[in-house]
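Secondary and tertiary structure notes
Residue-level listing of the chains:
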Amino acid sequence: MEIIKKYFPDLTPRQEEQFGQLGELYRFWNEQINVVSRQDVDNLYERHILHSLGIAKVMQFKPMTEILDVGTGGGFPGVPLAILFPDSQFHLVDSIGKKIRVVEEVSKAVGMTNLRAEQKRAELVPAAAYDFIVSRAVTRLTPFYGWVKTKVHKNQFNDLKNGILYLKGGDLTEELQELGKKTTVYELSDYFTEAFFETKKVVYVPF
């Protein structure tokens, strides 16, 4: 929890309480349904929660922003972002029902009211319903773009133009060339000093 407060010192007491509950909740649910690796449970705050919040270093969602998290797995990046931005609305989807159950149980346990989780493939999500799409390394950017390109509407009111905020790692040169769209790549090592973030990035694709 200290690593979250290190980079996000302005959390409300409510947010501190919610983030503080996540460690025990994910440890419990991971024993029932394996949503993160055993090793990563011990590093949950750095490798999953703080990693998810890397998007918040790039984009501060304004109230009433609608965000779709595609392939959320156990709730990353959607759950940490929904805690940090309680005035925005988050729709978390994954094709695997047991992972969505974990998201539902975790979000209920910490009392989140701005998040809904649904077992659904991205292609079946309603079109033109969201301001931003977030995700964490579900697949290569080109097929991902194909899944979500119709899901974002044209009403702009955030500091960045509506689009995709995608957490990825490694050398993305070939992948971005393959995508062939305008992108901005933010290095998470510019925001977080831990070694884990040396190759981690947020890729922003405006629509």
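In short, a report on the structure. (Residues numbered from 1 in each chain as written. Predicted model: local features only at pLDDT ≥ 70, side-chain atom pairs only at ≥ 80, totals over all residues. Heavy atoms only, no water.)

What to know about the packing of aromatic side chains
- Going through the model one piece at a time under the given rule, you end up with 11 aromatic pairs.
- For the pair Tyr7 and Phe192, a centre-to-centre distance of 4.8 Å together with 65° between the ring planes defines the contact as edge-to-face. Of this pair, Tyr7 sits in helix H1 (residues 2-7) while Phe192 is found in the loop between strand S6 (184-187) and strand S7 (200-206), placing the two residues 185 residues apart along the sequence. Note on accessibility: Tyr7 and Phe192 belong to one class, buried.
- Three or more aromatic residues link up through ring pairs in this structure, and these residues are Tyr7, Phe192, Phe196 and Phe197.
- The residue whose ring lies beneath Lys57 is Phe8, and the NZ or CZ to ring-centre distance is 4.5 Å. (Phe/Tyr/Trp six-rings, centres within 6.5 Å; stacked < 30°, edge-to-face > 60°. Helix = DSSP H or I, 4+ residues; strand = E, 2+ residues; numbered from the N terminus. Buried < 20%, exposed > 50% of the residue type's maximum accessible area, 1.4 Å probe, protein only. Lys NZ or Arg CZ within 6 Å of the ring centre and 35° of its normal.)

A look at the nonpolar core
- Ile4, Phe19, Leu22, Ile49, Phe61, Val79 and Leu165 are the most contacted members of the largest nonpolar core, which totals 53 residues.
- Of the residues forming this core, the biggest block, eight residues, is contributed by helix H4 (residues 44-58).
- With near-sequence residues (within four places) excluded, Phe19 lies in contact with Met1, Ile4, Leu11, Tyr45, Ile49, Leu53, Pro80, Ile83 and Leu84.
- Listed in part, the 19 residues of the second largest apolar core include Val70, Ile164, Leu172 and Leu179. (Core = buried A, V, L, I, M, F, W, Y, C linked by side-chain atoms within 4.5 Å. Contact = heavy atoms within 4.5 Å.)

Topic: the sheet that holds strand S1 (residues 66-70)
- Strands sit in the order S3-S2-S1-S4-S5-S7-S6 across an open sheet of seven strands; the sheet is mixed. Every other strand in the sheet has two partners, leaving strand S3 (115-119) and S6 as the edge strands with one partner each. Pairs of neighbouring strands in the sheet enclose a mean axial angle of 20°, with direction left out of account.
- Pairing of S1 with strand S2 (residues 89-94) involves five bridges; the strand directions are parallel. Within S2, the position partnered with Asp69 by the bridge is Leu92.
- Sheet strands in contact with helix H6 (residues 97-109) are S2 and S3, and its direction is about 165° off that of S3. (Pairing = 2+ DSSP bridges. Axes fitted to C-alpha atoms, helices over the stretch in contact; angles between N-to-C directions.)

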